[in-house]
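Coordinate analysis (summary)
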Amino acid sequence: MRARIGSARVRADNLWQKYRITPEQYDALRSAQGFRCRICGIHEDDITAVSRGRPRLDGKPAAEAFRLVVDHCHRSGQVRGLLCAHCNAMIGQARDRPDVLRAAAAYLDDADGTGVSVEAVCKLRIIDSDPAGRPPRTVRFGGAVSVRIDGYIVRLTPGETKTVISASGEYEVITLPWS
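Here the structure is a predicted model, which is why all the values come from computation and not from measurement. Along every chain, residues carry numbers that run from 1 in the direction the sequence is written. Selection of residues for local features in this predicted model requires a pLDDT of at least 70, selection of side-chain atom pairs for listing and counting requires 80 or more, and totals for whole chains, interfaces and linings are taken over all residues. No hydrogens and no water enter the side-chain calculation; it runs on all heavy atoms of the structure.

Two strands form a pair only when DSSP identifies at least two bridges running between them. The helix and strand labels rest on DSSP assignments: H or I over at least four residues marks a helix, E over at least two residues marks a strand, and numbering proceeds from the N terminus. Within the open sheet, the three strands sit side by side as β4-β3-β7. Their pairing is mixed. At either end of the open sheet lies a strand with only one pairing partner, and these are β4 (137–141) and β7 (161–166). If you compare each strand with its neighbour and ignore which way they point, the axes differ by 25 degrees on average. In the sheet, strand β3 (residues 122–128) pairs with β7 via six bridges, with the strands oriented parallel. Looking across to β7, one finds that Arg-125 is bridged to Thr-163. Note on geometry: axes are C-alpha line fits, over the in-contact stretch for helices, and angles between N-to-C directions span 0 to 180 degrees.

Next up on the list: the confidence of the model for the protein. The predicted model of the protein has a mean per-residue pLDDT of 83, with 85% of residues at 70 or higher. For every residue, the predictor reports its confidence as pLDDT, a number between 0 and 100. Of all the helices and strands in the protein, helix α1 (residues 2–5) carries the lowest mean pLDDT, 59, while strand β2 (residues 79–83) carries the highest, 95.

So, about the state of the cysteines. Note on terminology: disulfide denotes any pair of cysteine sulfur atoms within 2.5 Å. One pass over the full model with this rule turns up zero disulfides. In this model Cys-37 remains outside any disulfide bridge; the closest cysteine sulfur is found in Cys-87, 3.7 Å from its own. Working definition: with a 1.4 Å probe on protein chains only, accessible area under 20% of the residue-type maximum means buried, over 50% means exposed, and in between means partly exposed. By relative accessible area, Cys-37 is classed as buried at 4%.

What follows deals with the sheet that holds strand β5 (residues 145–149). Strand order in the open sheet made by the three strands is β6-β5-β8, with antiparallel pairing throughout. Edge positions in the sheet fall to β6 (152–156) and β8 (171–175), since each of these pairs with one other strand and no more. With strand direction ignored, the average angle separating the axes of adjacent strands in the sheet is 30 degrees. Both β5 and β6 contribute to a ladder of five bridges, which runs antiparallel. Note that in β6 the partner of Ser-146 across the bridge is Arg-155.

Right, let's get into unusual backbone geometry. Among all residues except glycine, the phi angle is most often negative; among peptide bonds, the trans geometry is most common. Phi at Arg-95 takes a positive value of approximately 60 degrees, unusual for a residue other than glycine. Mapped onto the fold, Arg-95 is located in the loop between α4 (85–93) and α5 (98–109). With a relative accessible area of 52%, Arg-95 lands in the exposed category. If you check the backbone angles, Asp-96 has positive phi at about 60 degrees while not being a glycine. Among the structural elements, Asp-96 can be located in the loop between α4 and α5. With relative accessibility at 14%, the residue Asp-96 sits in the buried group.

With respect to the helices, strands and loops of the structure, Asn-88 is situated in helix α4. Spatially, the C-alpha atom of Asn-88 lies 9.6 Å from that of His-72, the residues being 16 residues apart in sequence. Contacts were defined at the residue level, with two residues in contact if any of their heavy atoms lie within 4.5 Å. Filtering out sequence-adjacent residues up to four positions away, Asn-88 remains in contact with Val-69, Asp-71 and Leu-83.

Turning next to the nonpolar core. One recurring pattern in soluble globular proteins: nonpolar side chains tend to sit buried together. As used in this record, nonpolar core signifies buried Ala, Val, Leu, Ile, Met, Phe, Trp, Tyr and Cys residues forming a set joined through side-chain atoms within 4.5 Å. Ranked by size, the top nonpolar core spans 14 residues in total, and within it Leu-15, Tyr-19, Ile-21, Tyr-26, Cys-37, Leu-68 and Val-70 carry the most contacts. Of all elements in the fold, only α2 (7–19), β2 and α4 reach the threshold of two or more residues within this core. It is β2 that provides the largest number of residues to this core, a total of three residues. Those residues in contact with Tyr-26 that sit more than four places away from it in its chain are Arg-11, Leu-15, Ile-21, Phe-66, Leu-68, Val-70 and Leu-82.

Moving on, we get to the pattern of salt bridges. Within this document, salt bridges are pairs made up of a side-chain nitrogen of Lys or Arg and a carboxyl oxygen of Asp or Glu, the two lying within 4 Å of each other. Using the criterion set out here, one finds nine salt bridges in the structure. The salt bridge involving Arg-80 is made with Asp-71; its shortest N-O contact spans 2.8 Å. Where Arg-134 meets Asp-128, a salt bridge forms, and the shortest distance between an N and an O atom there is 3.3 Å. Taking relative accessible area as the criterion, Arg-134 reaches 42% and is therefore assigned partly exposed. One connected set of salt bridges, linked through shared partners, spans Asp-27, Arg-30 and Glu-44.

In structure tokens:
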């Protein structure tokens, strides 16, 4: 059935079913963004188009894929803009969490080797006091630190790992660093 309605109609149906936009709205977004990815700014002409979907039964090449993909909020369904596949995948891998993306950017900014050495890292392993509760987690700190957890003060030195059993699982950094 889909083969008889043509690739333009299939594209229109997909845009509407997935994002509730028309091909004209998609094209207006492309134009408004200068035909560029909204994050990295790569022009759509510089993106290699890869055919997607099943091979055609008649042997003809599949329709060329669109180079800028629709990005949308998975909670609200609201279209945010058009992205290259790399930027769209990056957001997806970060689970749509801005805090993860900011942490990744800070990590890359510090990736020149001036950051915390492996030896300076200390770790606090938090285990839930209820065996059926939260899974254990490890919090890493970049150097000596004092942490308050369930009313107790835990001091960690560089290279040290301590394990605590906690009812709340919540902690507060008291000093960074301490002497």
